[in-house]
Amino acid sequence: MHEITLTVNGVVRQARVPARRLLSDCLRHDLGLTGTHVGCEHGVCGCCTILLDGEPVRSCLTFAVTVDGREITTVEGLAGPDGALSPVQRAFAECHGLQCGFCTPGFLCTATALLRENPAPTEEEVLEGISGNLCRCTGYQNIVKSVHRAAELIAEEP
Amino acid sequence: MTSTDTRTSQGIGQSAPRPDGTLKVTGEFAYSSDLWLEDMVWGVTLRSPHPAARIRSIDLGPALAMPGVLAVLTHEDVPGEKHHGLELRDQPVLAVDRVRYQGEPVALVAADHPERARRAAAAIVVDYEVTEAVTDARRAAFDPACPKVGERGNILRHQPVRVGSVFEAPVVVTGEYEVGMQDQAFLGPESGLAVPAEDGGVDLYVATQWLHVDRDQIAPCLGLPAEKVRVSLAGVGGAFGAREDLSMQVHACLLALRTGRPVKMVYNREESFFGHVHRHPAWMRYEHGATRDGRLIYVKAEILLDGGAYCSSSPAVVGNAASLGAGPYEVGNVEIDAYGVYTNNPPCGAMRGFGAVQACFAYESQMDRLAEACGLSPVELRIRNAVSQGSRLITGQLIDSPAPLAGMLAELEAFPLPAASDGDLRELPGGVAQTTHGEGVRRGVGYGVGIKNICFSEGFDDYSTARVRLELAGGEPHVLVHTAAAEVGQGLVTVQAQVARTELGVERVTVAPADTTVGSAGSSSASRQSYVTGGAVKTACEAVRERLAELAAAHPGLTTTALLQRFGPVEETREYRHRPTFPMDPSTGQGDSHTQLALCVHRAVVDVDVELGLVKVVELAAVQDVGKVLNLLALEGQIHGGSAQGLGLALMEEVLVADGRLRNPSFTDYLIPTILDMPPMKVSILENPDPAAPYGLRGAGEPPTLSTTPAVVAAVRAATGRALSRVPIRPEHIALT
């Protein structure tokens, strides 16, 4: 077993995990953060995407011990400290960018990173940016709208 | 308050936001896989590696000896009924003395950690005597020498349709078509939590489509009365039909009752492919006869559907394929035979549009062939034969509400076509792989038309129940709506609240969590919940309104708030049924078997790299008549999502089965469309009300899945000149035939 220390959503968390514990399982089971979803366990669907030092990463393809000392943001950490939804969260809720919502945390994390790097993406850049995440309900049309809407909301921020 | 004229800001017709939307974007929404109790243990399933075998013996000793193991169960530990099933209770809870498909549950383990439970399951020794697997549906159906898969004959339903006697025509086209096995591929795998209760019963929290039909199968298997099995809906990560049959429900309850501990079961993606039914693969032979100017004289068809090892909903699938087997076209002479067959392949059952999807691919392919043979455009040929209000289905059923198919096709055809590729190589087939610079790329346009029955058919007592309570909360009126209807992502929670706002004129509405403490809502399937549960909520609200009106009449001058203050909450529970339907005649198929029919038409535009066989769908356009728009944003989402699944069936989605074994139970090998596969959509929505339905609505979830597939395939045919009689189309069907 290994002692690891992670900063998750701004809070320092410690866990004792076996070497092969996946980061997704560590977040969900050891730390009780079940907002990170597991859809395929092999890095295809993107439901488990989290931000590792700000970069989107598949937590189901990451061993928890390999991110000891790093900073992690999960879907639970996207809202502001006062609970105010982030622009990306607001946009997905507003634009009906979700149905069952199982894929949503992964899309939110991916889109958050995308818009941080590129606050005004073109249509192609949005499509490419979120092409690694699967959604089975929406046919993606409203997800694309949500990402563009999030870019607008970010631009409107003071 | 006393009339439906009251306008609220988020009532019927408004794009009200999802009440669960905020929880779903903050990560707080609890899916069935997220449930957690401090003292819970984990259940896993041992499954058969063989598609057909006798079980000589099962040695549980090695598993029981492993640390952390609390229980290991086989069929001998099932205290009640040993079988369950939606239409026929033929599926064992745990295999009894033989297994009939690869992945059939054989034993269960509960342990204090999921890994320990998995290792213990692997340690169980099952002695199998492998037997001949029946994997060819045609042989299973028609070869008298073929072994029987189950206790009954291999044909689980044969439904003929017979109309007229003229089977000669100046123009005849024939075709054989095949539809591969599609998976629903919801993203949240099967999971749930069973908690043993003090009364000897069990509380189950599970992602499902129909709480009551689950309970009514679980309780007999546990040997418990229904009231001791309480089922609550946990967060559902998509369904699409795959959660109609039981998966882990009985298993988790058995383990919970045996161990006295809460038991959680969560399938992984691979197990999910074995843990639910798939869309029936189909083999179809069609013959269409028409006049030289393209008017249908007759349709003959044989539709063979592989139901796999157990019955599931196959009889209803066969009924849909037969009754809708000629499509939404007027034809006076019909000879259709639809068969559902048992094999040792994976069980097949419900998936969005079932039965109708398979037939639609075939009859639409035939309509294109007929158009070509008659020298007509595909749209013109369809318009010449289109049903309308007053037409009869091939079952003799009168279409008694609007069915403006010809107008829908004309509108669709008039949509401007997308521009040619602008030279961006990423836009071409092959995408960012840049496998072409445009050489070998051809554009094609194709059309597809689909007709789907809405709600349950063929005499099923199809109803929903709603309890509506008008009360004061914080001194202001508030409505609590309680149904057992499963929100699976489609937005039913939103619609229920919208109905209550419109009917009671109260802004603040809460939809209570779905569970079995209220009457059945029926299944979240067959595009039926807006109709039936929407109808139930509307009816219960009307009853509340009447009660309130009586109080108001008896106490003039009192406001609603004052009435509620003085007399307390007003609560009413109502059941709602749609018009009765009737069985199809077993030898002629005649009968008013459906209560409502819905039409959708699609146009697909594709670019195909004919050298590499790669397809890029450039645009999908759709026209759908929904009777009445309840929530435009949610409705569009259903049409987009349904179209994506139809596109998937056309181009990429297939569960590959060889000798009864799944070859691709993972998302690396079973492909579903990504955002780069799904083109922009144009959608036009018509509102021609059905007077029999609440608000005139028409179920909307399934029809787009039907018409997308033939439209995409027709477009690829137009681009390539290939016959393409099977879906999904593979690159070699384009480039190597």
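Residues numbered from 1 in each chain as written. Chains lettered and ligands numbered in written order. Predicted model: local features only at pLDDT ≥ 70, side-chain atom pairs only at ≥ 80, totals over all residues. Heavy atoms only, no water.

**Here's the deal with the sheet that holds strand S18 (residues 333-342) of chain B**
Strand order across the open sheet formed by 6 strands is S9-S18-S17-S16-S10-S30 (chain B), with mixed pairing between neighbours. The open sheet has two edge strands, strand S9 (155-163) and strand S30 (726-727) of chain B, and neither has a second partner. (Pairing = 2+ DSSP bridges. Helix = DSSP H or I, 4+ residues; strand = E, 2+ residues; numbered from the N terminus.)

**Notes on the domain arrangement of chain A**
Residues and elements named next belong to chain A. On domain assignment, one finds that chain A holds domain 1 (2-77) and domain 2 (87-156). Of note, the centres of domain 1 and domain 2, computed from C-alpha atoms alone, are 21 Å apart. Counting from both sides, the interface comprises 18 residues of domain 1 and, opposite them, 16 residues of domain 2. Run the count over domain 1 and domain 2 and you get 0 salt bridges. Summed over the shared surface of domain 1 and domain 2, the result is 5 residue pairs in polar contact (both at pLDDT 80 or more). (Domains from an automatic or database assignment. Contact = heavy atoms within 4.5 Å. Salt bridge = Lys/Arg side-chain N within 4 Å of Asp/Glu carboxyl O. Polar contact = N/O pair within 3.5 Å; in protein donor to acceptor, adjacent residues only side chain to side chain.)

**Details of the interface of chain B and chain A**
Taken together, the contact pairs 56 residues of chain B with 46 residues of chain A. Between chain B and chain A we count 3 salt bridges in total. The shortest N-O distance in the salt bridge between B:Arg426 and A:Glu128 comes to 3.3 Å. At the junction of chain B with chain A, the criterion picks out 22 residue pairs in polar contact (both at pLDDT 80 or more). For the side of chain B that touches chain A, the secondary-structure elements that each account for two or more residues are helix H1 (21-26) and helix H15 (632-651) of chain B. It is H15(B) that provides the largest number of residues to the side of chain B that touches chain A, a total of 8 residues. Tallied by class, residues from the side of chain B that touches chain A come to 26 nonpolar, 21 polar and 9 charged. (Nonpolar A, V, L, I, M, F, W, Y, C, P; charged D, E, K, R; others polar.)

**Comments concerning the packing of aromatic side chains**
Taken as a whole and assessed by the stated rule, the structure comprises 15 aromatic pairs over all chains. Pairing B:Phe142 with B:Tyr339 gives two aromatic rings, centres 5.0 Å apart and planes at 90 degrees, and the pair type is edge-to-face. Of this pair, B:Phe142 sits in helix H4 (residues 137-142) while B:Tyr339 sits in strand S18, placing them 197 residues apart in sequence. Among the residues examined, B:Phe142 registers a relative accessible area of 35% and is labelled partly exposed. Relative accessible area serves as the criterion here: at 11%, B:Tyr339 is assigned to the buried category. Ring geometry for B:Trp210 versus B:Phe456: centroids 6.0 Å apart, planes at 75 degrees, classification edge-to-face. Of this pair, B:Trp210 sits in the loop between strand S12 (202-206) and helix H5 (211-222) while B:Phe456 sits in the loop between strand S20 (441-454) and strand S21 (463-473), and the two are 246 residues apart along the sequence. Among the aromatic residues, those joined into a ring-pair cluster are A:Phe102, B:Phe29 and B:Tyr31. Positioned above the aromatic ring of B:Phe29, the side-chain terminus of B:Lys24 is 4.7 Å from the ring centre. (Phe/Tyr/Trp six-rings, centres within 6.5 Å; stacked < 30°, edge-to-face > 60°. Buried < 20%, exposed > 50% of the residue type's maximum accessible area, 1.4 Å probe, protein only. Lys NZ or Arg CZ within 6 Å of the ring centre and 35° of its normal.)

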